[in-house]
Amino acid sequence: YADAKEPMIVTRKDFVDSLISISPAYTQSESHIVSQYLPTNYFSLTTDHESIITSLLELSSSIQSQTAAPSKMITSLIYGPKGTGKTTLAARVAVLGHFTYIKVVTASNMIGLTDFGKIEYIHQVFKDAFSSSHSLIVLDDVHRLVEYVQVGDRVSVSHSLMHALSTLLSYSMSSGSTVMVIGTMTVSHRESFAQPINLNFPTLFTWQHYTPLMNATDINSFLKRSNINRLNGGQFSFPSHLSLSITQLMNALQCACISEGMLMEEEVDKKTSCYLNRLFSQTTLLDCLNSSSAKNEDQPLPSIKSFPL
Ligand SMILES: Nc1ncnc2c1ncn2[C@@H]1O[C@H](COP(=O)(O)OP(=O)(O)OP(=O)(O)O)[C@@H](O)[C@H]1O
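This is a predicted model, so every value here is computed, not measured.

(A) Structural context of the domain arrangement of the protein chain. According to the domain assignment, the protein chain contains domain 1 (30-210) and domain 2 (216-306). Facing 11 residues of domain 1, the contacting portion of domain 2 comprises 11 residues. Classifying every residue of the side of domain 1 that touches domain 2 gives 4 nonpolar, 6 polar and 1 charged.

(B) The arrangement of the site of the ligand in detail. Near the ligand you find 18 residues, and of these Pro 39, Gly 85, Lys 86, Thr 87 and Thr 88 are the closest. Contributing elements (two or more residues each) for the shell around the ligand: α4 (86-96), β6 (178-186) and α11 (246-259). Split by domain, the shell around the ligand shows at least three residues from each of two domains, domain 1 (30-210) and domain 2 (216-306).

(C) Representation of the sheet that holds strand β3 (residues 134-139) within the structure. Overall, parallel pairing links the 5 strands, which are arranged β2-β3-β6-β1-β7 in an open sheet. Two strands in the sheet have a free side with no partner beyond their single neighbour: β2 (101-105) and β7 (207-210). Direction aside, the axes of adjacent strands within the sheet are offset by 15 degrees on average. In this structure, strand β1 (residues 72-80) lies alongside β7, joined through 4 bridges in parallel fashion. Paired with Tyr 79 across the two strands is Tyr 210, which belongs to β7.

(D) The nonpolar core, seen in detail. Counting residues in each nonpolar core, the largest one holds 44 residues, and the members touching the most others are Ile 137, Val 138 and Ile 182. Take this core: its biggest share by element is 6 residues, from helix α5 (residues 115-130). Filtering out sequence-adjacent residues up to four positions away, Ile 137 remains in contact with Lys 103, Val 105, Val 125, Phe 126, Ala 129, Val 179 and Val 181. The next biggest cluster of nonpolar side chains, apart from the first, holds 11 residues, and it includes Met 214, Leu 244, Ala 252 and Leu 253.

(E) Spotlight on the environment of Ile 122. For Ile 122, the position within the fold is in helix α5. Judged by the 22 C-beta atoms lying within 10 Å of it, Ile 122 falls in the buried class. Taking the C-alpha atoms as reference, Ile 122 lies 8.0 Å from Leu 165; in sequence the two are 43 residues apart. Beyond its immediate chain neighbours, meaning those up to four positions away, Ile 122 contacts Val 105, Ala 164, Leu 165 and Leu 168.

(F) Inspection of helix α3 (residues 47-65) at higher detail. The terminal C-alpha atoms of α3, which comprises 19 residues, lie 27 Å apart, in line with the 27 Å expected from a rise of 1.5 Å per residue. Taken residue by residue, α3 has His 49, Ile 52, Leu 56 and Ser 60 as its buried positions. With its buried residues spanning 65 degrees around the axis, α3 presents them on a single face. For α3, the exposed residues lying more than 90 degrees away from the buried face are Thr 47, Ser 51, Thr 54, Glu 58, Ser 62 and Ser 65. Of the surrounding secondary structure, the elements contacted by the buried residues of α3 are β1, α4, β6 and β7.

Calculation rules
Residues numbered from 1 in each chain as written. Predicted model: local features only at pLDDT ≥ 70, side-chain atom pairs only at ≥ 80, totals over all residues. Domains from an automatic or database assignment. Contact = placed C-beta atoms within 7 Å. Nonpolar A, V, L, I, M, F, W, Y, C, P; charged D, E, K, R; others polar. Near = placed C-beta within 6 Å. Helix = DSSP H or I, 4+ residues; strand = E, 2+ residues; numbered from the N terminus. Pairing = 2+ DSSP bridges. Axes fitted to C-alpha atoms, helices over the stretch in contact; angles between N-to-C directions. Core = buried A, V, L, I, M, F, W, Y, C linked by C-beta atoms within 7 Å. Buried ≥ 20, exposed ≤ 12 C-beta atoms within 10 Å, placed from the backbone. Expected span 1.5 Å × (residues − 1). Arc of directions from axis to C-beta.

So this is what it looks like as structure tokens:
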């Protein structure tokens, strides 16, 4: 600024503007959570999913109502096959639970940090949570947080991060605050973490909630409620032996719509014809189902031949 022609003048407005632009370093607003982790069209997937939300909200209000001195922490693990809506459930609880502080810890929040940096970061999240009256910390895809890598039969994790997390999961401060921690993990990761060498990690969470795949009844109930089947006159019925994750179902529907030269959202919004019977009789849909299942070691789908056409 030495070369500036005019002297720099800081006004009261600059102070006010800077106060407005400052947000707490480790807090995320609810709207941020909603936009990033909740689908625009949330719908109930299975009765199990709904009861997980109910029990997590009950747990949250039960610790809140206890006379909180010293502080209390409650830990829950949501586990299930890949793409069964685990993160979405945690985000839904975040929105419905009247928390004063919410933080979602993901591997992508910590890109570029060393192990030490990651431990510092997560530790700070816990400290901030205990500085607020009623907090929620979501540890999303815990296996990714601890750098779980499987090469063939060999599995490697960051033991320093595992130790830090296990210590923090029994963290306590005399602040009188209540903290709920929700971890998410796939079934296969939960199994491989349940080893003494990995500190029997899943057992560090007091409560365990399983998110199942959607069976034919769940899928048919979803289709019945959705615009897609209304456009089809409510006629389509999903094959009874097939179970899918919500990701697989959405991918298959999208993929089948695209193969028909339409966009699912547009068709649904415009209420033009998107006939599920026609879509589901496409070999393309089966290819879509099988290609999405290829990435999902938790739930192999039946081969194309065994799919009833
Ligand atoms: N109840 C729901 N209603 C509508 N869409 C949903 C619902 N639950 C999940 N989805 C959508 O399904 C996809 C997968 O959901 P989510 O990421 O929550 O699953 P996950 O089990 O955490 O996945 P992963 O195992 O890959 O971490 C997302 O695109 C999400 O928006």
